[in-house]
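Here are the chains, one letter per residue:
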Amino acid sequence: MSVFALKIDIADNQFFTGETSPLFSQKQAQQARQFHKKIAGYQPTPLYALDELAGLFGVKKILVKDESQRFGLNAFKMLGGAYAIAQLLCEKYHINIADFSFETIKTTIREKMTFATTTDGNHGRGVAWAAKQLGQNAVVYMPKGSAQERVDAILKLGAECIVTDMNYDDTVRLTMKNAQQNGWEVVQDTAWEGYTTIPTWIMQGYATLADEAVEQMNAMDVKPTHVLLQAGVGAMAGGVLGYLVDVYGPRNLHSLIVEPELADCVYRSGVKGEIVNVGGDMATIMAGLACGEPNPLGWEVLRNCATQFISCQDAVAALGMRVLGNPLGNDHRVVSGESGAVGLGVLAAVHYHPQRDALMKKLGLDSDSVVLAISTEGDTDVKHYREVVWEGKHGIPG
């Protein structure tokens, strides 16, 4: 067996309380899922059991939720954006979310609205998609270095897309400023003082994928012992973990929050016990996780209920992409992008590490472990995906 050491820093959560949040619960997730079920083309994304890989890695089961198959958008993000926009419109026009339909709202809106957001690609695409479904406008800002393929995907949905010369967090501030000046509605998955309602809805929308996963695991007659959740601002991680600990109990689920070392604001916050921001370019290949300022709503859930925080180098995500794209035996192939594959990449990096046994013990992994990972995106940047998977970019150091 090959042995190589990729950088994986693991910090135990010293500030764990086990306190759950009523905002991110089974009840809220099921309400969001009822909304998503009414969208044409809705179906749960698959949950694949990679049994041969689990046998190789020395755990009982590895389950991968494949969000590349979400409404033809190649990522999970529309779950949050569409739900938040629907809630926003319900509030504006006094409609119950249970009665919401895209056709009804189209005839109800008296003048066109513009939804604005900042994105690395996937969230903006979801917002643009929802605006198009409703016959509304969308303006999407992206940080410098954004892949042209992700820009083009947003433009194809009829939205305006502007790539700035700033990092993600500074682009968020520009979006807020321009939206205020132009009277646009901001649909952003991070929160700050005075802006919490829409981010809460977005996080609740993300939990649809967790509700599906629990239903699918119940059908398999398994319960997860571990979950790997990647964090950018921590909105998906917080929304999904909030739901899962409500289902299984915070002390019954070993949760691992994973980030790139070049944008590890949640990891650093986990070490310190309070929000720590990270600045600079954050030039990680995990574009969807290149965020330097944690979402306070997500952070509260993660601080209270996460087991451990992980910061890792880009080669870990690249390894995950190659492992998922080149399965063992009869395991299902999963096309997973840079941000989608990092959780599985951690498992692979641990397996091949010279200190494998010590790392397995630290993460509480053994032959009875059932590990749930979320592949949050597919090959949203096909050129880079092929550079990694075909050409070996960000490979194992020699």
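Source: prediction; values computed, not measured. (Residues numbered from 1 in each chain as written. Predicted model: local features only at pLDDT ≥ 70, side-chain atom pairs only at ≥ 80, totals over all residues. Heavy atoms only, no water.)

(A) The arrangement of the pairing of strand S6 (residues 160–163) in detail. Looking at chain direction, strand S5 (residues 137–142) and S6 are connected through 4 bridges and run parallel. Paired with Met142 across the strands is Val163, a residue of S6. (Pairing = 2+ DSSP bridges. Helix = DSSP H or I, 4+ residues; strand = E, 2+ residues; numbered from the N terminus.)

(B) Region of interest: the packing of helix H3 (residues 78–93) against helix H5 (residues 122–133). At their nearest, the axes of H3 and H5 sit 8 Å apart, and the two run at 40 degrees to each other. Between H3 and H5, the angle falls in the class oblique. The hand of the H3/H5 crossing is right-handed. Taken together, the residues of H5 that come into contact with H3 (itself represented by Met78, Gly81, Ala82 and Ile85) are His123, Gly126, Val127, Trp129 and Ala130. (Axes fitted to C-alpha atoms, helices over the stretch in contact; angles between N-to-C directions. Parallel < 35°, antiparallel > 145°, perpendicular 65-115°, else oblique. Left-handed = near helix turned anticlockwise from the far one by under 90°. Contact = heavy atoms within 4.5 Å.)

(C) Fine view of the layout of surface pockets. Counted as a void, the largest pocket has a volume near 410 Å³. Contributing to the lining of the largest pocket are 20 residues, with Lys144, Gly145, Ser146, Thr284 and Ala287 lying nearest its centre. Here the lining of the largest pocket is built from residues that sort into 8 nonpolar, 6 polar and 6 charged. Taken domain by domain, the lining of the largest pocket gets at least three of its residues from each of domain 1 (8–75 + 198–391) and domain 2 (77–195). (1 Å grid on protein atoms, 1.4 Å probe; cavity = no way out; pocket = protein on both sides within 12 Å on 5 of 7 lines; lining within 4 Å. Points joined across faces, edges and corners; volume = space filled by probe spheres on them. Nonpolar A, V, L, I, M, F, W, Y, C, P; charged D, E, K, R; others polar. Domains from an automatic or database assignment.)

(D) Quick peek at unusual backbone geometry. Notably, His94 is not glycine yet its phi reads approximately 55 degrees, a positive angle. Looking at where His94 falls in the secondary structure, it is placed in the loop between H3 and helix H4 (102–108). You will see that His394, though not glycine, has its phi angle at about 55 degrees, which is positive. Turning to its location among the elements, His394 is positioned in the segment after helix H15 (382–389).

So, to be careful, I would describe these as geometric facts and stop short of saying anything about function.
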